[in-house]
Amino acid sequence: MADAGLAARPAMSKFERYLSVWVLLCIVVGIALGAVVPGAFAAIAAAEIARVNLPVAVLIWLMIIPMLLKIDFGALGSVRQHWKGVGVTLFINWAVKPFSMAALGTFFIGWLFAPLLPTGEISSYIAGLIILAAAPCTAMVFVWSNLCEGEPNYTLSQVALNDLIMVFAFAPIVGLLLGVASITVPWDTLMLSVVLYIVIPVVIAQLMRGRVLATGGQPALDGLLGVLGPISLVSLLTTLVLLFGFQGEQILAQPLVIVLLAVPILIQVYFNAGLAYWLSRKFGVAWCVAAPAALIGASNFFELAVAAAISLFGINSGAALATVVGVLVEVPVMLSVVAIVKRSRGWYERHEALA
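My aim in this report is to walk through the structure given alongside it, one point at a time. (Residues numbered from 1 in each chain as written. Predicted model: local features only at pLDDT ≥ 70, side-chain atom pairs only at ≥ 80, totals over all residues. Heavy atoms only, no water.)

1. Quick word on the overall build of the protein
- Counting secondary structure elements, the protein contains 15 helices and two strands.
- Taking 355 residues into account, the globule formula puts the C-alpha radius of gyration at 20 Å, and the protein, at 20 Å, falls close to it.
- Considering only C-alpha atoms, the protein reaches an extent of 60 × 50 × 35 Å along its principal axes.
- Burial analysis of the protein (355 residues in total) assigns 57% to the buried set. (Helix = DSSP H or I, 4+ residues; strand = E, 2+ residues; numbered from the N terminus. Rg over C-alpha atoms; globule rule 2.2 N^0.38 Å. Buried < 20%, exposed > 50% of the residue type's maximum accessible area, 1.4 Å probe, protein only.)

2. What to know about the nonpolar core
- Core analysis: the largest hydrophobic core is formed by 129 residues, its most contacted members being L19, I109, W144, F170, Y197, L240 and F244.
- If sequence neighbours within four positions are ignored, F244 has contacts with C26, I27, G30, I31, I251, I258, L321 and V324.
- One finds V88, V96, A276 and L279 within the second-largest nonpolar core, a separate group that totals five residues. (Core = buried A, V, L, I, M, F, W, Y, C linked by side-chain atoms within 4.5 Å. Contact = heavy atoms within 4.5 Å.)

3. Focus: a nonpolar patch on the surface
- The grouping of V29, L33, V36 and V37 at the surface amounts to a nonpolar patch, some 310 Å² of accessible area in total.
- In this structure V37 comes out as partly exposed when scored by relative accessible area, which is 35%. (Patch = residues over 30% accessible without salt bridge, like charges linked within 9 Å, V, L, I, M, F, W, Y side chains within 5 Å. Areas by Shrake-Rupley, 256 points an atom, 1.4 Å probe, with all protein chains shown as cover. Salt bridge = Lys/Arg side-chain N within 4 Å of Asp/Glu carboxyl O.)

4. Some points on the packing of aromatic side chains
- The final tally for this structure, using the stated rule, is seven aromatic pairs.
- Geometrically, the ring pair formed by F107 and W111 is tilted, given 5.3 Å between the ring centres and 40° between the ring planes. In this pair, F107 and W111 are both assigned in helix α6 (residues 83–112), four residues apart and thus about one turn of the helix distant.
- For W111, a relative accessible area of 57% puts it in the exposed group.
- Look at F108 and F113: their rings are 5.5 Å apart centre to centre, the planes differ by 40°, and that puts the pair in the tilted class.
- The exposure class assigned to F108 is buried, which follows from its relative accessible area of 12%. (Phe/Tyr/Trp six-rings, centres within 6.5 Å; stacked < 30°, edge-to-face > 60°.)

5. Notes on the pattern of salt bridges
- A complete count under the given rule lists two salt bridges for this structure.
- The salt bridge partner of E149 is R345, with a shortest N-O separation of 3.7 Å. Of this pair, E149 sits in the loop between α8 (140–147) and α9 (152–180) while R345 is found in helix α15 (residues 345–354), placing the two residues 196 residues apart along the sequence.
- Classification of R345 by relative accessible area gives partly exposed; the value is 30%.
- A salt bridge links E349 to R345, with the shortest nitrogen-to-oxygen separation between them at 3.0 Å. Highlighted residues: E349 and R345, both in helix α15, separated by four residues, approximately one helical turn.

6. With respect to unusual backbone geometry
- You will see that E149, though not glycine, has its phi angle at about 55°, which is positive.
- Overall, E149 belongs to the exposed group, its relative accessible area being 52%.
- Of note in this structure, S182 is not a glycine but carries a positive phi near 60°.
- Mapped onto the secondary structure, S182 falls in the loop between α9 and α10 (187–253).

7. Quick word on α10
- In this model, α10 (67 residues) spans only 32 Å end to end at C-alpha, well below the 99 Å of a helix rising 1.5 Å per residue.
- A maximum bend of about 125° is found in α10 at G216, where proline P219 lies one to four positions downstream. (Expected span 1.5 Å × (residues − 1). Bend = angle between axes of the 7 residues up to and from the residue.)

8. Things to note about the environment of A294
- Secondary-structure assignment places A294 in helix α12 (residues 287–298).
- Accessibility expressed as a relative area gives 0% for A294, which makes it buried.
- For the pair A294 and V269, spaced 25 residues apart in sequence, the C-alpha separation works out to 9.6 Å.
- Residues contacting A294, with those up to four places away along its chain left out, are A273, A276, Y277 and V341.

These results come straight from atomic positions and should not be treated as a statement about function.
Here it is as structure tokens:
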């Protein structure tokens, strides 16, 4: 029944399709508001308890919890059915993607582009890129899988497994790679971020999901998601307006920063998608699993990344800005990956026929 619920969801709303446009508008609005009403942004920045910014924390919960409502941990029982595809994606998500981004960030941001970037923010930019890569995508994967006619049971079980692993692996991987990059790791804040933005939202979402399914079934859950989905996106965009309100002066001084940060993100997405797709073909995985495997391997849970970067380094940090660049490029780049895997289906399945 889980696959029926997944297939019934619209592939992509118009609002989601134009997410990059809304992010660009948030950049403009945030920078303008930051210049016009700086006092309001200062007051928001000061609303903290134990280094947690309360307005931003509320917005982040509104972003993340609707995404996690889509996850059915009962689907973990289906993992064995597509174990090769699951293995490929786990390898990419947890053994390749964070480490490849650390390498790309160090090369491009720490060395090649360093003369073009503010010296004091370089390590923060690299940290943001690492955080972005350490959070495998949760919600938008369902959209990408639908668009490429992927196997829904595989997608659901893989995302559920990734979310479970993320509870335990996100903090150690981020801490390890930040340490390797010689970035001071605030372990107490990192663990608090995991509890606030992964553990608690997962528990709340699963309790809500169970209650709604018990009382109204899948139609009631779909109805709730239909209501909460726009709230999640509006909360994301509001968070971005706040972030760019704080970042405005720096961005106006060096507008090239956003373009330069996008370079390692774009290379990493295509590299990981291509590697997942090639490995799937090598191991004889059916195309309907290989296509979403490539997409799950390449995309990021950018809502969590933004939350973690803000929590660890502050809303006006280079790390937060780097994660937002990930949001900016997510939709167009992932749509291009969808197009590539669909157009290459004949090539992929010729190998299956010969095997």
